[in-house]
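Read off the chains here:
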There are 2 protein chains.
Amino acid sequence: MKKYVVAIDIGGTNTELAIVDEMGLIIDGKNFNTQSVSSFEDYISELSLEISNILIKNNMTDEVFKVGIGAPNANFYSGCIEHAPNLKWKGVLPISKMLSEKINLPVVLTNDANAAAIGEFSFGEAANLKDFFLVTIGTGLGSGFFVNNELVYGHDGFAGELGHVIVDCKSDRLCGCGRYGCLETFVSSSGVVKTAVQLLEKSEVPSLLRKISPTELTSLDIATAAEAGDKIALEVFDFTAKILGFALANTVAITSPQAIIISGGLAKSGDLLMVPLKEHFENFLLPLFKNKVDVKYSSLLEKNTGMLGAAALAFNN
Amino acid sequence: MKKYVVAIDIGGTNTELAIVDEMGLIIDGKNFNTQSVSSFEDYISELSLEISNILIKNNMTDEVFKVGIGAPNANFYSGCIEHAPNLKWKGVLPISKMLSEKINLPVVLTNDANAAAIGEFSFGEAANLKDFFLVTIGTGLGSGFFVNNELVYGHDGFAGELGHVIVDCKSDRLCGCGRYGCLETFVSSSGVVKTAVQLLEKSEVPSLLRKISPTELTSLDIATAAEAGDKIALEVFDFTAKILGFALANTVAITSPQAIIISGGLAKSGDLLMVPLKEHFENFLLPLFKNKVDVKYSSLLEKNTGMLGAAALAFNN
C-alpha cells in the first residue's frame, strides 16, 4: 500500500521538499534555491527532477501517492499561486496542474501560512484543538484559522490575511499591498526594524543600535540588543507586542479560539516578545474572553511546520 | 409525524414566540413584555404558559417536537444566558434546562445575532452561501459568522462579537463592556446619536437636529433629518458608514466571506447608510478582495430573523 507523500514548502529564497509518512516523520529531505532558474516552466522542471531524484535515491518511487505544497499566495481551490509579491514569477501560476502533469501524481496546494496551521493541527501544538489560529511572523505576517476542526479557506480561498488587517488608519507605514497601517507593517522583521529606526530618531536614549546604520539594521540585531538589556530595543519589542496583542484580541472577538500559536522567524525571540505580548493581549481582550485563550509558540519551531502541513494536506485531501 | 417547533426570540423589551414549520412559515405567534415579571423563575413560568396557550389554541400540542431560542448573551454549548447587560436578570441563567423541565420538550439555545445568521442561512439572503456573516445593528451591534456552511460558535460558544472589536484605541467612547472605542460605541442607535451630538457641538452648520435636545435625540430623528437633506445628519451617516466599512473590510481579511448581510433597526435607514457604506468598505478592502464581497440588507427585515433562526436551530440540532 502506498502510504507516503512528497511535501513541498516554497519560499521566496528556498524550496524544501521531503518524503513524509502519515505520522509526520521525514524520511528524507532536500532543498534548493527557488531563484536558481529563470522561468516558472524551468522551476517546475527543476522541482520535478528533485522529486524524482529523492524518490529514486530512497527507492520509494512506488510508495508515494500524492504531493502537497505550501506556497506564498497559493490558492487551495484553484491550485494556482496568484500574484505572489515574494516570488519572482508574476501573475497566476497553475502550479498544481503543471507539476501533476510532469510527475504523474495528484498535487494539492495551499498557502504557506495555511499549511503551517495544518501542520500545527496535525503534528504540533494544536493537535486536538477544534478552534485556533496560527500567526507566522517573518518577512511578512501570515495566518491560518481553524474553526470546527476545519481550515477556513473562505469563499475564494484567500481567508486568513491577518497581516493585512489595518491596525492604524492614520499610519504612514506603506504596506506591500498598497495600503497604509496593515498589521504586517508593524509586526514583521521589517516592521520591527522600522519601529527601531523611528524610536532611535525620536529619542536620545543611548542604544547599542546606534552603532548600526539604519539601512543595515536587522530584527536579529534588535533581539541581540534587547537580550543585552538595551532600552530602545526592549521598547521595540514592547511596542511590537502591543500592536500584535491588540490585533489578536480583536480577532478573538470574531472566532473565539482556544489558542493562538505564534510561529516564524520572530517567534525565536522567546520571552522578549511573548512576555509583553501576553500582557497587552489580556489587557485588550473583551472581559468575556480574558484568561481563556492560550497564546504560545509553536512546538515545531525547529522544524518546517509549513512542509509538515503540506504533507498533512496531501494525506487528508 | 411531529414536524413543528416553537421558536422564541427574547429581547430586553419583548419576547416573541411562534409555532413554525420547516419552511419557516409561521403558523401562529404571540408576544409579551419581557419585563412584566420580576424573577427569572416567574419569567420561565410565564413563557411556559404562553407556549401551552398557543399550542392549545392551535390544537398542536402533539405536533411540536422541540423549542429553539435566540436570546442576548446566550450560549449554545451551556444552554445558559450568561451575564446579559440588556436583561434585568443577572448572572448565569440556565434557561434551556429550566424551560425544558417545565414544558417537557427539548430546548436549544443560541445568542440573538447567531440566531439571526441562522435565519438568513435557512430562509433569507444567505441561503446557498457557504461563507458569510451577518451584522445586526440596533441598540448594540451583534454578529454571526458562517464558515464552511456552519455557524462559528468558537471554543466557548461566544464567537461573533464584532460589536466589541476595538476600532479606535484612542477613543473616549466608553462601551458597555468597560473598554473604550468598540465598534458598537459608533455603530448602533446610541452610537449614531453620540456622533450627531459631537458633530453638532463641533460645528455651527445649521441643522434640523438643533431643535431637539441632545438627551432626547434618537437615531430615527437623525434618519428623518438626513432624508430631508440635513448636512449634519448626512455627515453622521457618512461617519458611521466609514467606521463600519473599516471594521467590515478588516473582518473580510480574516474569513473571506461571499457576502455580508446587514440587519436590525439601523438597516431600515436604506440608502442613507448603504450607499456610503459600500463606498468606504471597498476603499478599505485589501485589493485581493475588492469587488468580490456583496454587502446587502437582509431580505427578512420585516420579519423576525432571530425567531426564524431559532426555529431553524431547533430543526437542525
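Parameters and conventions
- Residues numbered from 1 in each chain as written.
- Chains lettered and ligands numbered in written order.
- Predicted model: local features only at pLDDT ≥ 70, side-chain atom pairs only at ≥ 80, totals over all residues.
- Heavy atoms only, no water.
- Helix = DSSP H or I, 4+ residues; strand = E, 2+ residues; numbered from the N terminus.
- Contact = heavy atoms within 4.5 Å.
- Areas by Shrake-Rupley, 256 points an atom, 1.4 Å probe, with all protein chains shown as cover.
- Lys, Arg positive; Asp, Glu negative; His and termini not counted.
- Charge placed at Lys NZ, Arg CZ, Asp CG, Glu CD.
- Pairing = 2+ DSSP bridges.
- Axes fitted to C-alpha atoms, helices over the stretch in contact; angles between N-to-C directions.
- Buried area = accessible area lost by both parts, 1.4 Å probe.
- Salt bridge = Lys/Arg side-chain N within 4 Å of Asp/Glu carboxyl O.
- Polar contact = N/O pair within 3.5 Å; in protein donor to acceptor, adjacent residues only side chain to side chain.
- Nonpolar A, V, L, I, M, F, W, Y, C, P; charged D, E, K, R; others polar.
- Core = buried A, V, L, I, M, F, W, Y, C linked by side-chain atoms within 4.5 Å.
- Buried < 20%, exposed > 50% of the residue type's maximum accessible area, 1.4 Å probe, protein only.
- Expected span 1.5 Å × (residues − 1).
- Patch = residues over 30% accessible without salt bridge, like charges linked within 9 Å, V, L, I, M, F, W, Y side chains within 5 Å.
- Least-squares fit on C-alpha atoms with pLDDT ≥ 70 in both.
- Phe/Tyr/Trp six-rings, centres within 6.5 Å; stacked < 30°, edge-to-face > 60°.

K.L.:
How should the overall build of chain A be read in this particular structure?
P.N.:
Tallying secondary structure elements over chain A gives nine helices and 13 strands in all. Long-range contacts, defined as pairs at least 24 residues apart, comprise 62% of the intrachain contacts of chain A with a sequence gap of at least 6. Of the roughly 13000 Å² that chain A leaves accessible, carbon and sulfur atoms contribute 51%. Here chain A carries 25 positive and 36 negative side-chain charges, and the mean point of each set is 2 Å from the other.

K.L.:
I'm lost on the sheet that holds strand S10 (residues 141-147) of chain A in this one. Help?
P.N.:
Adjacent strands of a sheet pair through backbone hydrogen bonds, lying either parallel or antiparallel. Residue and element names in this part refer to chain A. Across the sheet, five strands lie side by side as S11-S10-S9-S12-S13; this open sheet has mixed pairing. Only two strands of the sheet have a single partner each, and these edge strands are strand S11 (150-151) and strand S13 (294-297). In the packing of helix H3 (residues 112-123) onto the sheet, the strands contacted are strand S9 (132-137), S10, S11 and strand S12 (259-263), and the crossing angle to S10 comes to about 50°. In this fold helix H8 (residues 271-284) packs onto S12 and S13, with an angle of close to 165° to the strand it touches most, S13.

K.L.:
Whenever I open this one, the interface of chain A and chain B confuses me. Can you help?
P.N.:
Interface extent is often summarised as the accessible area lost during association of the parts. Of the residues lining the interface, 40 residues belong to chain A; the matching set on chain B comes to 40 residues. Contact with chain B buries surface across chain A, with His155(A), Ile254(A) and Leu286(A) losing the most and accounting together for 20% of the total. Between Lys292(A) and Asp156(B) there is a salt bridge, with the nearest N and O atoms lying 2.7 Å from each other. Connecting chain A to chain B are 22 residue pairs in polar contact (both at pLDDT 80 or more). When contributions to the side of chain A that touches chain B are tallied by element, the ones reaching two or more residues are S10, S11 and helix H7 (231-255) of chain A. Top element by residues in the side of chain A that touches chain B is H7(A). It accounts for six residues. Residue composition of the side of chain A that touches chain B, grouped by class: 23 nonpolar, 10 polar and seven charged.

K.L.:
Sorry if this is basic, but what is going on with the side chain of Asp156(A) here?
P.N.:
Here Asp156(A) shows up in the loop between S11 and helix H4 (183-186). At 3.0 Å, the side chain of Asp156(A) and the backbone nitrogen of Phe158(A) are in polar contact. When sequence neighbours within four positions are dropped, the list of residues in contact with Asp156(A) reads Asn75(A), Tyr77(A), Ser256(B), Phe289(B) and Lys292(B).

K.L.:
I'm lost on the nonpolar core in this one. Help?
P.N.:
General note: in soluble globular proteins, nonpolar side chains tend to be found buried as a group. Among the nonpolar cores identified, the biggest contains 123 residues, and Ile262(A) and Ile262(B) are the most heavily contacted of them. Excluding anything up to four places from it in sequence, Ile262(A) contacts Val135(A), Ile137(A), Leu248(A), Ala267(A), Met274(A), Leu277(A), Val295(A), Lys296(A), Tyr297(A), Ser298(A) and Leu301(A).

K.L.:
Would you mind showing me how to read the sheet that holds strand S12 (residues 259-263) of chain B here?
P.N.:
All names here are of chain B. Pairing within the open sheet is mixed, and its five strands lie in the order S11-S10-S9-S12-S13. The outermost strands of the open sheet, each flanked by one partner alone, are strand S11 (150-151) and strand S13 (294-297). When strand S10 (residues 141-147) meets S11, the two strands line up antiparallel, connected through two bridges. Considered in S11, the bridge of Phe 146 is made with Leu 151. Sheet contacts for helix H7 (residues 271-284): S12 and S13; angle to S13, the most-contacted strand, approximately 165°.

K.L.:
I tried to follow unusual backbone geometry on my own but got confused; where do I start?
P.N.:
Glycine aside, negative phi is the norm for most residues, and most peptide bonds take the trans geometry. Residues other than glycine seldom take positive phi values, yet Asn73(A) does so here, at roughly 55°. Topologically, Asn73(A) is positioned in the loop between strand S4 (64-71) and strand S5 (74-75).

K.L.:
In this structure, what is going on with the pairing of S9(A)? I would like to understand it.
P.N.:
Within a regular strand, the side chains alternate between the two sheet faces. All names here are of chain A. The element S9 is extensively covered by neighbouring structure, given that five of its six residues are classed as buried. One ladder, built from six bridges, connects S9 with S10; its direction is antiparallel. Across the sheet, Phe 133 pairs through a bridge with Phe 145, a residue of S10. Hairpin geometry of S9 and S10 is characterised by an intervening segment of three residues between the two adjacent antiparallel strands. Relative to S12, S9 is paired through five bridges, and the arrangement is parallel. Residue pairing across strands places Phe 132 opposite Ala 259, the latter belonging to S12.

K.L.:
Which parts of the structure should I look at to understand H7(B)?
P.N.:
Residue pairs three or four apart in sequence face the same way in an α-helix, which turns once every 3.6 residues. Residues and elements named next belong to chain B. Compared with an ideal rise of 1.5 Å per residue, which puts 14 residues at 20 Å, H7 spans 19 Å between its outermost C-alpha atoms and is within 8% of the ideal. Inspection of H7 places Leu 272, Leu 273, Met 274, Pro 276, Leu 277, His 280, Phe 281 and Phe 284 among the buried residues, and these make up the whole buried set. Its buried side turned inward, H7 meets helix H5 (219-227), helix H6 (231-255), S12 and S13.

K.L.:
It is not clear to me how the pairing of strand S8 (residues 107-111) of chain A should be interpreted in this structure. Could you clarify?
P.N.:
Residues and elements named next belong to chain A. Counting buried positions over the five residues of S8 gives five, a clear majority of the element. Going residue by residue along S8, you find Val 107, Leu 109 and Asn 111 tucked away on one face and Val 108 and Thr 110 tucked away on the opposite face as well. Pairing of S4 with S8 involves five bridges; the strand directions are parallel. Its bridge partner being in S8, Ala 71 is matched across the sheet by Asn 111.

K.L.:
Please explain a positive patch on the surface as it appears in this structure.
P.N.:
Positive charge collects at one region of the surface, where Lys170(A), Lys242(A), Lys170(B) and Lys242(B) lie side by side. Within the secondary structure, Lys242(B) sits in helix H6. Accessibility expressed as a relative area gives 40% for Lys242(B), which makes it partly exposed.

K.L.:
Hey, could you run me through the relation of the copies chain A and chain B in this one?
P.N.:
Superposing the two chain copies requires a rotation about an axis and a translation along that axis. For the pair chain A and chain B, the best superposition has an RMSD of 0.0 Å and corresponds to a rotation of 180° with a translation of 0.0 Å parallel to the axis. Expressed as a symmetry operation, the mapping of one chain copy onto the other fits a two-fold axis. When C-alpha distances to the rotation axis are compared across chain A, the minimum falls at Val147(A), with a value of 3.9 Å. Of the interface residues in chain A, 100% have counterparts in chain B that sit at the interface too, so the contact is made through matching surfaces.

K.L.:
Is there a simple way to explain the packing of aromatic side chains in this structure?
P.N.:
What characterises a pair of aromatic rings is the spacing of the ring centres plus the angle enclosed by the ring planes. Evaluated as defined, the whole model comprises 28 aromatic pairs over all chains. Consider the rings of Phe32(B) and Tyr43(B), whose centres lie 5.9 Å apart with planes at 40°: the pair is tilted. In this pair, Phe32(B) is assigned in strand S3 (residues 26-33) and Tyr43(B) in helix H1 (residues 40-57), connecting sequence segments 11 residues apart. The burial state of Phe32(B) is the same as that of Tyr43(B); both residues are buried. An aromatic cluster is present here, built from Phe32(A), Phe40(A), Tyr43(A) and Trp89(A) joined pairwise through their rings.

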